[in-house]
Every structure is written in structure tokens, then in C-alpha cells.
Amino acid sequence: MNHWLVKSEPHKYSWDKFNEDGSTFWDGVRNYQARNNLRAMEKGDLVLFYHSNEGKEVVGIAKVVKEFYQDPTTEDPNWVVVDLAPLEKLKRAVTLEEIKKDSRLENIGLVKQGRLSVMQLKAEEFDRIVELGNGD
DNA sequence: GCCAACGTTGGC
DNA sequence: GCCAACGTTGGC
């Protein structure tokens, strides 16, 4: 099982909207590295949901419910989507600032490669963020 | 709104 | 196949 983090701008697609929908196909990825990550996702993998620009925080956990398939919003076979469903909202959103300050998270893709919108996390990094959000 | 980082494109 | 120009992302 792998762990991932995906970014969404809240005004475009927020965690709340995601929960209203119940599940969604994760479209709009137009970057090969991010695309490769989508392709590597397997059903049941856990995915952190991060709000970029507004908030800049990890707000919840989703899971992969359907593995990659052709992006329905384009004819271009280069691009794929996966289906995600919300699993759990963090008790408290974990901000980028906290992540940057945490020594266990200093090598996380979110900080190292700020522009990548879909990235893999180590299990420890995933667990640490969840711990920060649900801690005590 | 600015700008740095960085991926992509296209001319050669 | 190199690399400069360009476009996009996302933090500030």
C-alpha cells in the first residue's frame, strides 16, 4: 500500500465539495511526474488532501477507489484520472508551516518540490501528518 | 499581484 | 539533443 498527497485549490475543488460529492475523479493533472504518480496508485491507497493557495494545509484523508483510466475531460491519451473518495477529516488541519517546521517532514515532496500536484509520501511522513492533525 | 521554481516547447 | 523562451504553479 502506498501513500500520496494531492493538492487542490479550494475555490476550484475543496474538501467540503469532495465530501458533498462522496467521490470524484481526480482530473486536471497535466504534468508527467504527477501523471506517473496517478498511474502508480492502487485501489485502497491512502491520499492526503491538501488545500493549496488558500489555507495551505492538509485537511483530510481520502482513499483510492478506482485505479487510473483515461481522463474523461480530454481526448489526449497522455492524461489519466483516478477515483478518490473521502475517508476521514483531520480533527485539525495541518498547515504547510507546521510541516516545514517538523524535522520528520523536512524531506517531504510538498516542501522539496512545491509545484508538483500529486506526490508520493513515505508511510512515516503520512503517519506523521495524520498524527499532527489528530494528535492527543 | 509578484516572482521564483521548474516543466515544457520549439528553433537551431 | 541543447538550451533559451515561455507558461504554470503556488507561496508570499
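What you see is a predicted model; the values in this text were computed from it and never measured.

S.K.: Hey, could you run me through the layout of surface pockets in this one?
M.R.: Gaps left between atoms are located by rolling a probe of water-molecule size over the structure's atoms. Of the voids in this model, the largest pocket is the one considered here, and its volume is about 320 Å³. Around the largest pocket, the lining is made up of 13 residues, and of these Lys-7, Ser-8, Lys-12, Trp-26 and Asp-27 lie nearest the centre. When residues of the lining of the largest pocket are traced back to their parent elements, those giving at least two are β1 (3–8) and β2 (24–25). Grouping the amino acids of the lining of the largest pocket by side-chain chemistry returns 4 nonpolar, 5 polar and 4 charged. By volume, the second largest pocket amounts to about 170 Å³. Residue lining of the second largest pocket: Gly-28, Val-29, Arg-30, Asn-31, Gln-33, Ala-34, Gln-113, Arg-115, Leu-116 and Ser-117, and that is the complete set. Partitioned by chemical class, the residues of the lining of the second largest pocket number 3 nonpolar, 5 polar and 2 charged.

Here is what the cut-offs are and how they apply
- Residues numbered from 1 in each chain as written.
- Chains lettered and ligands numbered in written order.
- Predicted model: local features only at pLDDT ≥ 70, side-chain atom pairs only at ≥ 80, totals over all residues.
- Heavy atoms only, no water.
- 1 Å grid on protein atoms, 1.4 Å probe; cavity = no way out; pocket = protein on both sides within 12 Å on 5 of 7 lines; lining within 4 Å.
- Points joined across faces, edges and corners; volume = space filled by probe spheres on them.
- Helix = DSSP H or I, 4+ residues; strand = E, 2+ residues; numbered from the N terminus.
- Nonpolar A, V, L, I, M, F, W, Y, C, P; charged D, E, K, R; others polar.

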